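Survey of secondary and tertiary structure
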Amino acid sequence: MCSEFTVFTKIKPGHADALREDLATLAGGSSDVEARAALRQIGTLHDARHVIFDNDTRHMFASVFDGSWDTYIDDFGKTAVGARFDKVFSHTEGFPGVTDPKVKDWFLARQAPAGVFVSSYPDLTVQQIWKDQRVSEAFQAVLDTPEFRAALDNPANAELLATPAFQKLMEEAAG
């Protein structure tokens, strides 16, 4: 379900510091709240990273996402992430803009697929991970209540508590 995407671009002469500043600005502050909202709207991006290298002449963008590459790129044009892409990639040579019909060709011309791609959770989508996190937080909240502790001590629940499934659940919650 997870795919990787890596592009290598040339930084416009004299733009490395501006690119660095834009990346720093986009990495924090109120724009971070906006970016998280956009990432939730897209709902397929596992992670992304930018690297400036070769004496400030080249830029790498790499990410891991769910679904098809076409949908992934299309989704960026529909959210605040697209504006972020435009801001960052405006410092690179020839970038047409994320909503330009030629943007996919531009990215493909600069893409370098990974020779090896490994994921700790290749069968989990971002949506499943978020759901798992919400369920875990809710379950932990239940575990911390006096009512749950009382239920564990209630002899009427002994049969349920002795089941392998419940024992495994409690082991996982403790770990």
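Scroll up to find the structure this text is about.
Residues numbered from 1 in each chain as written. Predicted model: local features only at pLDDT ≥ 70, side-chain atom pairs only at ≥ 80, totals over all residues. Heavy atoms only, no water.

Counting its regular elements, the protein chain contains 9 helices and 3 strands. A compact globule built from 175 residues should have a C-alpha radius of gyration of about 16 Å, whereas the protein chain, at 22 Å, is more than 25% larger. Considered along the principal axes of its C-alpha atoms, the protein chain spans approximately 75 × 35 × 30 Å. Here the protein chain, with 175 residues, has 32% of them falling under the buried criterion. Contacts in the protein chain between residues at least 24 apart in sequence constitute 66% of all its contacts with a sequence separation of at least 6. Total accessible area on the protein chain is roughly 10600 Å²; 55% of this is exposed by carbon and sulfur atoms. Across the protein chain, 17 positive and 26 negative side-chain charges occur, with their mean positions spaced 6 Å apart. (Helix = DSSP H or I, 4+ residues; strand = E, 2+ residues; numbered from the N terminus. Rg over C-alpha atoms; globule rule 2.2 N^0.38 Å. Buried < 20%, exposed > 50% of the residue type's maximum accessible area, 1.4 Å probe, protein only. Contact = heavy atoms within 4.5 Å. Areas by Shrake-Rupley, 256 points an atom, 1.4 Å probe, with all protein chains shown as cover. Lys, Arg positive; Asp, Glu negative; His and termini not counted. Charge placed at Lys NZ, Arg CZ, Asp CG, Glu CD.)

The sheet built from 3 strands is open, its strands ordered S1-S3-S2 with antiparallel pairing. Edge strands, defined here as strands with exactly one partner in the open sheet, are strand S1 (2-10) and strand S2 (45-53). Taking the axes of each pair of neighbouring strands and ignoring which way they run, one obtains an average angle of 10 degrees across the sheet. Bridge count between S1 and strand S3 (residues 58-66): 9 bridges; the pairing is antiparallel. Paired with Thr-9 across the bridge in S3 is His-59. Against the sheet, helix H1 (residues 16-26) touches S2 and S3, its axis set at about 150 degrees to S2. (Pairing = 2+ DSSP bridges. Axes fitted to C-alpha atoms, helices over the stretch in contact; angles between N-to-C directions.)

On to the nonpolar core. Among the nonpolar cores identified, the biggest contains 26 residues, and Phe-5, Tyr-72, Phe-85, Phe-89 and Phe-107 are the most heavily contacted of them. Those elements that place two or more of their residues in this core are S1, H1, helix H2 (30-42), S2, S3, helix H3 (69-77), helix H4 (80-89) and helix H5 (103-110). (Core = buried A, V, L, I, M, F, W, Y, C linked by side-chain atoms within 4.5 Å.)

Let us look at the pairing of S2. Strand direction decides the pairing type here: S2 and S3, joined by 8 bridges, are antiparallel. Residue pairing across strands places Ile-52 opposite His-59, the latter belonging to S3. Adjacent in sequence and paired antiparallel, S2 and S3 are bridged by 4 residues, among which Asp-54 carries a positive phi angle near 55 degrees.

If you walk through the whole model with that rule in mind, you get 18 aromatic pairs. An aromatic cluster of three or more residues is present, and its members are Phe-5, Phe-61, Phe-65, Trp-69, Tyr-72, Phe-76, Phe-85, Phe-89, Phe-95, Trp-106 and Phe-107. Cation over ring: Arg-40 sits above Trp-130, and NZ or CZ is 4.2 Å from the ring centre. (Phe/Tyr/Trp six-rings, centres within 6.5 Å; stacked < 30°, edge-to-face > 60°. Lys NZ or Arg CZ within 6 Å of the ring centre and 35° of its normal.)

As a further point, take the side chain of Asp-66. Within the secondary structure, Asp-66 sits in strand S3. It turns out Asp-66 is buried and unbridged, and the closest side chain with the opposite charge, Arg-40, is 11 Å from it. Within the local environment of Asp-66, its side chain forms a polar contact with the side chain of His-46, the two groups lying 2.6 Å apart. If near-sequence neighbours (up to four positions away) are discounted, Asp-66 is found in contact with Met-1, Cys-2, Gly-43, Thr-44, His-46, Leu-124, Thr-125 and Val-126. (Salt bridge = Lys/Arg side-chain N within 4 Å of Asp/Glu carboxyl O. Polar contact = N/O pair within 3.5 Å; in protein donor to acceptor, adjacent residues only side chain to side chain.)

Attention shifts here to the side chain of Thr-125. Locating Thr-125 in the fold gives a position in the loop between H5 and helix H6 (126-143). Those residues within four positions of Thr-125 in sequence are excluded, and the remaining contacts are Met-1, His-46 and Asp-66.

What follows deals with unusual backbone geometry. The backbone of Asp-54 sits at a positive phi, close to 55 degrees, despite the residue not being glycine. The topology assignment puts Asp-54 in the loop between S2 and S3. Residues other than glycine seldom take positive phi values, yet Asp-56 does so here, at roughly 65 degrees. By relative accessible area, which is 32% here, Asp-56 ends up partly exposed.

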